[in-house]
Amino acid sequence: ARRQSGRRVWVLNDGEQAEAGAALRLHNDMHLAVARGELRAWYQPQLDAHSGALVGFEALMRWQHPTHGLVFPSVFIPLAEDNGQIVPMGAWMLERACADLLALQRACPPDAPPLRVAVNLSLRQFCDPQVYEHVAQALARSGLAPTQLELEITEGTAMVNQQHTLDLLGRFKQLGCMLALDDFGTGYSSLAYLKRFPLDVMKIDQSFVRHILSDNEDRAIVHAIITLAHHLGMKVIAEGVEQAAQQQLLASMGCELVQGYLHGRPMPLDEALAWLQAHQRP
Ligand code: C2E
Ligand code: CA
Ligand code: CA
Ligand code: CA
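In short, a report on the structure. (Residues numbered from 1 in each chain as written. Chains lettered and ligands numbered in written order. Predicted model: local features only at pLDDT ≥ 70, side-chain atom pairs only at ≥ 80, totals over all residues. Heavy atoms only, no water.)

**Describing the coordination of the calcium ion (ligand 2)**
Ligation of the calcium ion (ligand 2) by protein atoms is provided by Glu-58 (OE), Asn-120 (OD1), Glu-152 (OE) and Asp-182 (OD), these donors lying 2.1 to 2.3 Å from the ion. Taken as an interatomic distance, the gap from the calcium ion (ligand 2) to the calcium ion (ligand 3) is 3.9 Å; Asp-182 donates to each of them. In this pair, Glu-152 is assigned in strand β7 (residues 149–154) and Asp-182 in strand β8 (residues 178–184), connecting sequence segments 30 residues apart. Judged by relative accessible area, Asp-182 falls into the buried class, the value being 7%. (Donors = N, O, S within 2.8 Å, 3.2 Å for Na, K, Ca; no water. Helix = DSSP H or I, 4+ residues; strand = E, 2+ residues; numbered from the N terminus. Buried < 20%, exposed > 50% of the residue type's maximum accessible area, 1.4 Å probe, protein only.)

**A word on the site of ligand 1**
In the vicinity of ligand 1 there are 22 residues, among which Gln-44, Arg-62, Gln-206, Glu-242 and Tyr-261 approach most closely. Backbone polar atom of Ser-122 to a nitrogen atom of ligand 1: 3.5 Å apart, as the coordinates give it. Taking Asp-182, its side chain carries an N or O atom lying 3.1 Å from an oxygen atom of ligand 1. Protein chains shield 82% of the accessible area of ligand 1, which is 810 Å² for the free molecule. Where the shell around ligand 1 is concerned, the elements lending two or more residues are β4 (54–65), α2 (73–83), α3 (86–106) and β8. Tallying contributions element by element places β4 first for the shell around ligand 1, with 4 residues. Across the shell around ligand 1, the residue classes tally to 9 nonpolar, 7 polar and 6 charged. (Near = heavy atom within 4 Å. Polar contact = N/O pair within 3.5 Å; in protein donor to acceptor, adjacent residues only side chain to side chain. Areas by Shrake-Rupley, 256 points an atom, 1.4 Å probe, with all protein chains shown as cover. Nonpolar A, V, L, I, M, F, W, Y, C, P; charged D, E, K, R; others polar.)

Coordinates in, geometry out; function isn't part of it.
Here you go:
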């Protein structure tokens, strides 16, 4: 976009116009996405970095739009966050993810340890007065053990209103949920508050993992994050793990869990079930 000096006119080129038009249509269609059954929950495996055992899945939203096709969250989550639709969409996701985890658990041997599903809560959801009810309802309706549900909030979300974060995380903890801090290292955390939040898991952002084999600074940052998390009594999961050598290095630094294309991309439930069968074969 080009701004003409003096006059407040925005000139969009063709590409930008198409993009803005598409965004506007998505924006208008969004309030129908839940009712029309267009949202999809995809699942990406999370594994023990040492043993390679499956520990659970992160639930990631997709939007199967009737004309735009499969829309990715980088496109529609920011819009949904702006227009508030993320609240009903997020409530849908909580219900779906809890129900689907039961199906995934049933596909495991009866003596397998309980799997976990991690669900993302955005800032708008986290500040919505109904969010606690949405979580409690999804758990109650599915019959899932609360420890099988992990809630992910970003560092940014956690820091906006620290008293609210402290209160709400406390209530989620009381309910029995696991709590994870997403994208750690990309925002501005007050370390003083971090120690007061009842968090179970620190997620190292993939931007630090990407060059961990070649970049000494990134490696130092990851090492420091792992040390900090452990001193605060948290476990660490690294996201964006694409190479076996990255996983080995992370494991040697004490990182407990990994998630990334190395083991599996986000997949629809039927593919996740097939992935699980293949993973269990000796
Ligand atoms: P996120 O929570 O940080 O999720 C991780 C993103 O990294 C996912 O992108 C995942 O597909 C991608 N990823 C996983 N492993 C690898 C890897 O090895 N390499 C690379 N390059 N990427 C990897 P996705 O699914 O497109 O989601 C993007 C973001 O959208 C998420 O980032 C999250 O912030 C948001 N999001 C997704 N689903 C939901 C949802 O249900 N609710 C909310 N509030 N936000 C969501
Ligand atoms: Ca996440
Ligand atoms: Ca993340
Ligand atoms: Ca991220």
